[in-house]
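Secondary and tertiary structure notes
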Amino acid sequence: MSQLPTSHLYPTSQLVHLYSTGRSQSSQFLSNRPSSSSQLTAAPLPSPSPSPQPITSQLVNDTMVADPLFTVPLLLTPEGSDPALLCYEVHGQAGYHYNLVSDTCVSVNAFYVEQGSLNVIGTIGIRAVNDAGSCVEVSVNLTSECMPYVNGQPSLQYSAHGIAVSKFRQKVRVAVPNCKVQSLVMWVTCAAYSSYQTLQFTVTRGLNLSPTSHGLIGQFWSVPVTRQLYQDPAQPAEAEFQRYLLTVYHPDAAVPRSFFAAHYSQTWDRTPTPCYYAGSSQGGLEGPSHDSVIEGRYSDYQVSALESTLFKYSKFNKTMCVT
């Protein structure tokens, strides 16, 4: 079984953590990683695939995770490709808010805090439109023993006009309509590791997210992605991973973006599901080729407050809140 990476495709990623080891800090990759970024240009780079044909199928796995090691499902084309995930990380800056998911009637932000040498998610804020046309704010804070707050009030249980919030020990379930019949289901988990705590945000039923949704994790939902095998001459043939060029075709992007990713047989928490590990510690690339994993830079996703919905790629329609 392939070893999990202890750093990413490029050696400048300083914060990489593994669940099974308490996520100890490391700056090392595999011993067969190229020793310099210049080696990545030793062979001609493949050109991105042409725009794929329209896709009619949906993702089989619609679970997205952020904590801030991100895991999102990929809709690989052509149809029938094996299910796969994208593993990347955005550690942001402590004391700032960043958008995770932005869609027509729901917005999810994360407030980053510093714990030791790490930046982790300390608060999750959700702003959603209910079936009565009102905007409802739900938040979970790491320091409040995972107590959910609805419109500023602590609420172990809440259910009204299509929005439901329930607390289960160290987990909070939040379901919102997103202006559709089927609910968008999200979980916030208060996770504790050997040296720090963090909030883990998970979308467990994202079927009503739009393909045009955005945010640090929302931008990959049901968006066509093509892959091309890339053989780096500097990488030994017996290497324990393969490198691919992934190309993302977000419907609102003027042009597709492409980036390299290393293919492994496990996710961050060692779930035996193939995952493409890509990018730097801020979802970008320091290498010489192609684009960042996320659209733009991580700072483009910064919002002014936990309840704010405004940022460069925002999709939230505030006019839907009529009352």
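Just so it is clear, the model here is predicted, and its values are computed rather than measured.

A short note on the packing of aromatic side chains
The geometry of two aromatic rings is summed up by the distance between their centres and the angle between their planes. The final tally for this structure, using the stated rule, is 12 aromatic pairs. Aromatic pair tyrosine 98 and tyrosine 298: ring centres 6.0 Å apart, planes at 45°, arrangement tilted. In this pair, tyrosine 98 sits in strand 4 (residues 97-103) while tyrosine 298 sits in the loop between strand 18 (275-277) and strand 19 (302-303), placing the two residues 200 residues apart along the sequence. By the burial criterion, tyrosine 98 is buried, and tyrosine 298 matches it.

Some thoughts on the sheet that holds strand 9 (residues 153-154)
One open sheet holds the 7 strands; their spatial order is 9-8-7-6-5-4-19, and the pairing between them is antiparallel. Of all the strands in the sheet, just strand 9 and strand 19 have a single pairing partner and so form its edges. Here strand 8 (residues 148-150) runs beside strand 9; their pairing, made up of 2 bridges, is antiparallel. Paired with valine 150 across the two strands is glutamine 153, which belongs to strand 9.

A word on unusual backbone geometry
Cis geometry is adopted by the peptide bond preceding proline 68, which originates at aspartate 67 and carries an omega value of 5°. If you trace the backbone, proline 68 turns up in the loop between strand 1 (64-66) and strand 2 (69-76).

A look at the pattern of salt bridges
Following the criterion strictly, the structure yields 3 salt bridges and no others. A salt bridge links aspartate 252 to lysine 315; the shortest N-O distance between them is 2.4 Å. Here aspartate 252 is found in the loop between strand 16 (242-248) and strand 17 (257-264), whereas its partner lysine 315 is found in the segment after strand 19, with 63 residues between them in sequence. In this structure lysine 315 comes out as partly exposed when scored by relative accessible area, which is 26%. Ionic pairing is found between aspartate 300 and lysine 312, a salt bridge with its closest N-O pair at 4.0 Å. With aspartate 300 in the loop between strand 18 and strand 19 and lysine 312 in the segment after strand 19, this pair connects stretches of sequence that are 12 residues apart.

Cut-offs used in this document
- Along each chain, the written sequence defines residue order, and numbers are assigned to residues from 1.
- Totals for whole chains, interfaces and linings use all residues, but because this is a predicted model, local features are given only for residues with pLDDT of at least 70 and pairs of side-chain atoms are given and counted only at 80 or more.
- Think of the side-chain values as coming from all heavy atoms in the structure, minus any hydrogens and water.
- Classification of ring pairs uses Phe, Tyr and Trp, with its six-membered ring standing for Trp, and accepts pairs whose centres are within 6.5 Å; under 30 degrees between planes counts as stacked, over 60 as edge-to-face, and the remaining range as tilted.
- Here a strand is any run of E in DSSP of at least two residues, a helix any run of H or I of at least four, and the numbering for each starts at the N terminus.
- Only protein chains enter the accessibility calculation, which uses a 1.4 Å probe; a residue whose area is less than 20% of its type maximum is buried, one above 50% is exposed, and one in between is partly exposed.
- DSSP-based pairing: two strands are paired if at least 2 bridges between them are found.
- Here a salt bridge means any side-chain nitrogen of Lys or Arg lying within 4 Å of a carboxyl oxygen belonging to Asp or Glu.

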